[in-house]
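# Notes for the structure review
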Amino acid sequence: MSGDLVRPFAAGIDGASGGVDPAGVVSERRLSDLRGLFRDAAALERAVGEGDEVVYRVVAAPVPEVEGEVPFSVTTIEAGRVGDEFYMTRGHAHPEPQGEVYFGLSGRGVLLMYDGEEVRWVEIRPGVAGYIPPGWAHRTANVGGEPFRFLAVYPGSAGHDYAIVAEGGMGARVVRSAAGYEVVEEPGGAGPAVREYYRRRKKRG
Ligand SMILES: O=P(O)(O)OC[C@H]1O[C@](O)(CO)[C@@H](O)[C@@H]1O
Ligand SMILES: [Fe+2]
(Lines give C-alpha, C1' and ligand atoms only; values in the text may rest on other atoms or scores of the structure.)
(Ligands and ions follow the chains in the order given, each with its own letter.)
Protein backbone atom coordinates (compact mmCIF):
# COMPACT_ATOMS: atom_id res chain seq x y z
CA MET A 1 0.00 0.00 0.00
CA SER A 2 1.53 3.33 -0.93
CA GLY A 3 0.65 6.87 0.09
CA ASP A 4 -1.33 8.39 2.93
CA LEU A 5 -5.10 8.22 3.14
CA VAL A 6 -7.04 11.37 2.22
CA ARG A 7 -7.92 13.90 4.98
CA PRO A 8 -11.59 14.80 5.60
CA PHE A 9 -13.00 17.43 3.24
CA ALA A 10 -16.21 18.71 1.64
CA ALA A 11 -16.59 19.23 -2.11
CA GLY A 12 -19.00 21.48 -3.96
CA ILE A 13 -21.01 19.60 -6.62
CA ASP A 14 -22.45 21.92 -9.27
CA GLY A 15 -25.27 20.13 -11.04
CA ALA A 16 -25.64 22.97 -13.54
CA SER A 17 -22.02 22.97 -14.77
CA GLY A 18 -20.77 19.51 -13.80
CA GLY A 19 -18.08 21.07 -11.62
CA VAL A 20 -16.51 19.54 -8.52
CA ASP A 21 -14.60 21.86 -6.16
CA PRO A 22 -11.95 20.93 -5.20
CA ALA A 23 -11.37 18.80 -8.29
CA GLY A 24 -8.86 16.06 -8.98
CA VAL A 25 -8.35 14.49 -12.38
CA VAL A 26 -10.48 15.83 -15.26
CA SER A 27 -10.83 13.64 -18.34
CA GLU A 28 -12.57 14.07 -21.69
CA ARG A 29 -13.67 11.52 -24.25
CA ARG A 30 -14.17 12.60 -27.83
CA LEU A 31 -15.99 10.78 -30.61
CA SER A 32 -12.65 9.40 -31.84
CA ASP A 33 -12.08 7.82 -28.40
CA LEU A 34 -15.31 5.85 -28.86
CA ARG A 35 -14.41 4.06 -32.11
CA GLY A 36 -15.76 0.52 -32.24
CA LEU A 37 -18.53 1.16 -29.70
CA PHE A 38 -21.35 2.69 -31.79
CA ARG A 39 -23.20 0.50 -34.25
CA ASP A 40 -22.94 2.99 -37.15
CA ALA A 41 -19.16 3.19 -37.71
CA ALA A 42 -19.54 5.30 -40.88
CA ALA A 43 -21.63 7.92 -39.06
CA LEU A 44 -19.02 8.00 -36.31
CA GLU A 45 -16.19 8.65 -38.81
CA ARG A 46 -18.20 11.44 -40.46
CA ALA A 47 -18.72 13.09 -37.07
CA VAL A 48 -15.02 12.69 -36.22
CA GLY A 49 -14.21 14.47 -39.51
CA GLU A 50 -16.69 17.23 -38.73
CA GLY A 51 -14.97 18.33 -35.51
CA ASP A 52 -14.56 15.28 -33.30
CA GLU A 53 -16.53 16.82 -30.47
CA VAL A 54 -16.28 15.98 -26.79
CA VAL A 55 -18.97 13.41 -25.93
CA TYR A 56 -18.39 13.39 -22.17
CA ARG A 57 -16.22 14.85 -19.45
CA VAL A 58 -15.52 13.39 -16.02
CA VAL A 59 -14.47 15.66 -13.15
CA ALA A 60 -13.21 13.60 -10.24
CA ALA A 61 -12.88 14.66 -6.61
CA PRO A 62 -9.32 14.42 -5.25
CA VAL A 63 -9.70 10.87 -3.91
CA PRO A 64 -7.34 8.20 -5.27
CA GLU A 65 -8.50 4.88 -6.68
CA VAL A 66 -6.99 2.71 -3.94
CA GLU A 67 -8.46 0.16 -1.55
CA GLY A 68 -10.38 1.73 1.34
CA GLU A 69 -10.99 5.09 -0.33
CA VAL A 70 -14.33 5.90 -1.99
CA PRO A 71 -13.69 7.99 -5.13
CA PHE A 72 -16.48 10.11 -6.60
CA SER A 73 -16.87 12.08 -9.79
CA VAL A 74 -19.35 14.05 -11.87
CA THR A 75 -19.84 13.01 -15.49
CA THR A 76 -21.38 15.31 -18.10
CA ILE A 77 -22.57 13.60 -21.29
CA GLU A 78 -23.44 16.06 -24.07
CA ALA A 79 -26.69 15.72 -26.03
CA GLY A 80 -26.22 14.06 -29.41
CA ARG A 81 -26.34 10.88 -31.42
CA VAL A 82 -24.20 8.79 -33.73
CA GLY A 83 -26.74 7.58 -36.26
CA ASP A 84 -29.72 6.56 -34.12
CA GLU A 85 -27.66 5.84 -31.03
CA PHE A 86 -27.43 8.35 -28.19
CA TYR A 87 -24.12 9.74 -26.96
CA MET A 88 -22.81 7.43 -24.25
CA THR A 89 -19.84 6.52 -22.09
CA ARG A 90 -17.33 3.85 -23.10
CA GLY A 91 -18.70 1.49 -20.47
CA HIS A 92 -16.74 -0.82 -18.21
CA ALA A 93 -16.92 -3.62 -15.68
CA HIS A 94 -15.13 -3.59 -12.32
CA PRO A 95 -12.50 -6.36 -12.38
CA GLU A 96 -12.87 -6.53 -8.59
CA PRO A 97 -16.63 -7.12 -8.41
CA GLN A 98 -17.69 -4.07 -6.44
CA GLY A 99 -20.95 -2.09 -6.59
CA GLU A 100 -21.41 1.57 -7.50
CA VAL A 101 -24.04 4.31 -7.09
CA TYR A 102 -25.00 6.90 -9.72
CA PHE A 103 -27.07 9.93 -8.71
CA GLY A 104 -28.78 12.15 -11.31
CA LEU A 105 -27.94 15.89 -11.18
CA SER A 106 -29.36 17.33 -14.42
CA GLY A 107 -30.82 16.16 -17.70
CA ARG A 108 -32.02 12.64 -18.43
CA GLY A 109 -30.05 9.48 -19.01
CA VAL A 110 -30.25 5.73 -19.19
CA LEU A 111 -27.97 3.58 -17.03
CA LEU A 112 -27.50 0.32 -18.91
CA MET A 113 -26.19 -2.75 -17.06
CA TYR A 114 -25.12 -6.14 -18.39
CA ASP A 115 -23.92 -9.35 -16.78
CA GLY A 116 -23.10 -11.29 -19.94
CA GLU A 117 -26.60 -12.79 -20.09
CA GLU A 118 -29.14 -10.30 -18.83
CA VAL A 119 -29.62 -6.61 -19.69
CA ARG A 120 -31.11 -4.27 -17.10
CA TRP A 121 -31.56 -0.53 -17.40
CA VAL A 122 -32.92 2.33 -15.32
CA GLU A 123 -33.68 5.92 -16.22
CA ILE A 124 -31.68 8.48 -14.22
CA ARG A 125 -33.08 11.97 -13.63
CA PRO A 126 -32.24 14.62 -11.02
CA GLY A 127 -32.98 13.12 -7.61
CA VAL A 128 -32.81 9.50 -8.80
CA ALA A 129 -30.07 7.10 -7.68
CA GLY A 130 -29.19 4.06 -9.78
CA TYR A 131 -27.54 1.05 -8.16
CA ILE A 132 -24.99 -1.03 -10.07
CA PRO A 133 -24.51 -4.36 -8.29
CA PRO A 134 -21.12 -6.11 -8.23
CA GLY A 135 -20.45 -8.04 -11.43
CA TRP A 136 -22.51 -5.89 -13.80
CA ALA A 137 -20.87 -3.86 -16.58
CA HIS A 138 -22.30 -0.36 -16.92
CA ARG A 139 -22.64 2.37 -19.51
CA THR A 140 -24.68 5.59 -19.46
CA ALA A 141 -26.39 7.35 -22.39
CA ASN A 142 -27.87 10.85 -22.60
CA VAL A 143 -31.43 10.41 -23.91
CA GLY A 144 -32.44 14.07 -23.53
CA GLY A 145 -31.86 17.30 -25.43
CA GLU A 146 -29.56 18.90 -22.83
CA PRO A 147 -26.40 17.74 -21.06
CA PHE A 148 -26.93 14.79 -18.73
CA ARG A 149 -25.00 14.96 -15.46
CA PHE A 150 -24.62 12.44 -12.69
CA LEU A 151 -22.52 11.81 -9.61
CA ALA A 152 -20.77 8.42 -9.42
CA VAL A 153 -19.50 6.95 -6.12
CA TYR A 154 -17.53 3.69 -6.10
CA PRO A 155 -14.97 1.69 -4.11
CA GLY A 156 -11.39 2.67 -4.83
CA SER A 157 -10.28 -0.92 -5.41
CA ALA A 158 -12.98 -1.65 -8.07
CA GLY A 159 -10.82 -0.88 -11.14
CA HIS A 160 -12.05 -0.38 -14.71
CA ASP A 161 -12.11 -3.09 -17.37
CA TYR A 162 -12.93 -1.43 -20.70
CA ALA A 163 -11.83 -4.34 -22.89
CA ILE A 164 -14.63 -6.66 -21.79
CA VAL A 165 -17.22 -4.10 -22.95
CA ALA A 166 -15.33 -3.20 -26.15
CA GLU A 167 -15.18 -6.92 -27.01
CA GLY A 168 -18.34 -8.33 -25.44
CA GLY A 169 -20.67 -5.34 -25.83
CA MET A 170 -23.45 -4.34 -23.41
CA GLY A 171 -26.15 -6.66 -24.74
CA ALA A 172 -28.27 -3.68 -25.85
CA ARG A 173 -28.15 -0.22 -27.42
CA VAL A 174 -29.97 2.99 -26.48
CA VAL A 175 -31.51 4.42 -29.65
CA ARG A 176 -33.95 7.07 -30.80
CA SER A 177 -37.57 6.03 -31.22
CA ALA A 178 -40.96 7.63 -31.80
CA ALA A 179 -41.44 7.75 -28.02
CA GLY A 180 -38.04 9.43 -27.53
CA TYR A 181 -35.79 6.48 -26.88
CA GLU A 182 -35.80 2.74 -26.54
CA VAL A 183 -33.36 0.15 -25.28
CA VAL A 184 -32.94 -2.47 -27.99
CA GLU A 185 -31.40 -5.80 -27.08
CA GLU A 186 -28.79 -7.11 -29.48
CA PRO A 187 -29.43 -10.49 -31.08
CA GLY A 188 -27.06 -13.38 -30.60
CA GLY A 189 -25.86 -12.87 -27.06
CA ALA A 190 -22.33 -13.02 -25.74
CA GLY A 191 -19.92 -15.87 -26.44
CA PRO A 192 -18.88 -18.40 -23.76
CA ALA A 193 -15.71 -16.52 -22.74
CA VAL A 194 -17.65 -13.32 -22.04
CA ARG A 195 -20.37 -15.18 -20.11
CA GLU A 196 -17.71 -16.91 -18.02
CA TYR A 197 -16.00 -13.56 -17.25
CA TYR A 198 -19.20 -12.25 -15.66
CA ARG A 199 -20.19 -15.53 -13.97
CA ARG A 200 -16.89 -15.59 -12.10
CA ARG A 201 -17.45 -12.03 -10.88
CA LYS A 202 -20.97 -12.66 -9.62
CA LYS A 203 -20.05 -15.48 -7.24
CA ARG A 204 -19.72 -14.53 -3.62
CA GLY A 205 -16.85 -15.59 -1.37
O1 LIG B 1 -15.44 5.04 -17.18
P2 LIG B 1 -16.36 5.30 -18.37
O3 LIG B 1 -17.00 4.04 -18.88
O4 LIG B 1 -15.68 6.10 -19.41
O5 LIG B 1 -17.59 6.15 -17.80
C6 LIG B 1 -17.41 7.30 -17.01
C7 LIG B 1 -18.06 7.18 -15.66
O8 LIG B 1 -17.79 5.95 -15.06
C9 LIG B 1 -16.90 6.08 -13.95
O10 LIG B 1 -15.69 5.50 -14.35
C11 LIG B 1 -17.48 5.43 -12.73
O12 LIG B 1 -18.11 4.21 -13.06
C13 LIG B 1 -16.74 7.54 -13.62
O14 LIG B 1 -15.41 7.94 -13.68
C15 LIG B 1 -17.63 8.18 -14.62
O16 LIG B 1 -18.77 8.51 -13.90
FE1 LIG C 1 -17.95 1.89 -12.62
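This text follows the structure it describes.
Residues numbered from 1 in each chain as written. Chains lettered and ligands numbered in written order. Predicted model: local features only at pLDDT ≥ 70, side-chain atom pairs only at ≥ 80, totals over all residues. Heavy atoms only, no water.

With that settled, consider the overall build of the protein chain. The helix and strand tally for the protein chain stands at 3 helices and 15 strands. Computed over its C-alpha atoms, the radius of gyration of the protein chain comes to 17 Å, within 12% of the 17 Å expected for a compact globule of 205 residues. Along the first, second and third principal axes, the C-alpha set of the protein chain runs to 50 × 40 × 30 Å. For the protein chain, the proportion of its 205 residues judged to be buried stands at 44%. Of all intrachain contacts in the protein chain linking residues separated by at least 6 positions in sequence, the fraction that spans at least 24 positions is 71%. About 10300 Å² of surface is accessible on the protein chain, with carbon and sulfur atoms providing 49% of the total. (Helix = DSSP H or I, 4+ residues; strand = E, 2+ residues; numbered from the N terminus. Rg over C-alpha atoms; globule rule 2.2 N^0.38 Å. Buried < 20%, exposed > 50% of the residue type's maximum accessible area, 1.4 Å probe, protein only. Contact = heavy atoms within 4.5 Å. Areas by Shrake-Rupley, 256 points an atom, 1.4 Å probe, with all protein chains shown as cover.)

With that settled, consider helix 1 (residues 41–49). Buried residues of helix 1: Ala43, Leu44 and Val48, and no others. Looking straight down helix 1, one finds that the buried residues subtend no more than 140° of arc, so they occupy a single side. Exposed side chains of helix 1 directed beyond 90 degrees from the buried face belong to Arg46 and Gly49. Of the residues trailing helix 1, Gly51 is marked for its positive phi of about 135°. (Arc of directions from axis to C-beta.)

Glancing now at the pairing of strand 14 (residues 172–177). Buried residues dominate strand 14, accounting for 5 of its 6 residues. Relative to strand 15 (residues 180–185), strand 14 is paired through 6 bridges, and the arrangement is antiparallel. Note on strand 15: the bridge partner recorded for Ser177 is Gly180. Counting the residues that bridge the hairpin from strand 14 to strand 15 gives 2 residues. (Pairing = 2+ DSSP bridges.)

In the vicinity of ligand 1, 15 residues are found, and the nearest of them are Tyr56, Thr75, Glu100, His160 and Tyr162. A distance of 2.5 Å separates an oxygen atom of ligand 1 from a polar atom in the side chain of Tyr56. Protein contacts shield 95% of the accessible area of ligand 1, which totals 380 Å² for the unbound molecule. A molecule is said to occupy a pocket when more than half its atoms come within 2 Å of that pocket's grid points, and by this definition ligand 1 occupies the largest pocket. Within the residue set of the shell around ligand 1, elements represented by two or more residues are strand 4 (54–60), strand 5 (72–77), strand 8 (100–106) and strand 13 (148–153). (Near = heavy atom within 4 Å. Polar contact = N/O pair within 3.5 Å; in protein donor to acceptor, adjacent residues only side chain to side chain. 1 Å grid on protein atoms, 1.4 Å probe; cavity = no way out; pocket = protein on both sides within 12 Å on 5 of 7 lines; lining within 4 Å. Sits in = over half its atoms within 2 Å of the grid points.)

The next subject is the sheet that holds strand 12 (residues 137–142). Strand order in the open sheet made by the 3 strands is 10-9-12, with antiparallel pairing throughout. At either end of the open sheet lies a strand with only one pairing partner, and these are strand 10 (119–124) and strand 12. Each strand of the sheet is rotated relative to its neighbour by a mean of 20°, with strand direction disregarded. (Axes fitted to C-alpha atoms, helices over the stretch in contact; angles between N-to-C directions.)

Glancing now at the layout of surface pockets. In this structure, the largest pocket encloses a volume near 500 Å³. If you go around the largest pocket, you meet 29 residues; those closest to its centre are Val58, Ser73, Tyr154, His160 and Tyr162. Looking at the lining of the largest pocket, the elements that each hand over two or more residues are strand 3 (26–30), strand 4, strand 5, strand 8, strand 12 and strand 13. A per-class count over the lining of the largest pocket returns 14 nonpolar, 10 polar and 5 charged. (Points joined across faces, edges and corners; volume = space filled by probe spheres on them. Nonpolar A, V, L, I, M, F, W, Y, C, P; charged D, E, K, R; others polar.)

What follows covers the sheet that holds strand 11 (residues 129–132). The strand order across the open sheet built from 6 strands is 3-4-5-13-8-11, with neighbouring strands paired in antiparallel fashion. Bordering the open sheet on either side are strand 3 and strand 11, each of which pairs with just one other strand. Looking at each pair of strands side by side, their axes are set apart by 20° on average, direction ignored. As judged from the 5 bridges shared by strand 8 and strand 13, these two strands associate in the antiparallel manner.

To continue, consider the side chain of Asn142. Note that Asn142 resides in strand 12. There is a polar contact of 3.0 Å between the side chain of Asn142 and the backbone oxygen of Ile77. In this structure, Asn142 is in contact with Ile77, Glu78, Ala79, Phe86, Tyr87, Arg108, Gly109, Pro147 and Phe148, ignoring residues within four places of it in sequence.

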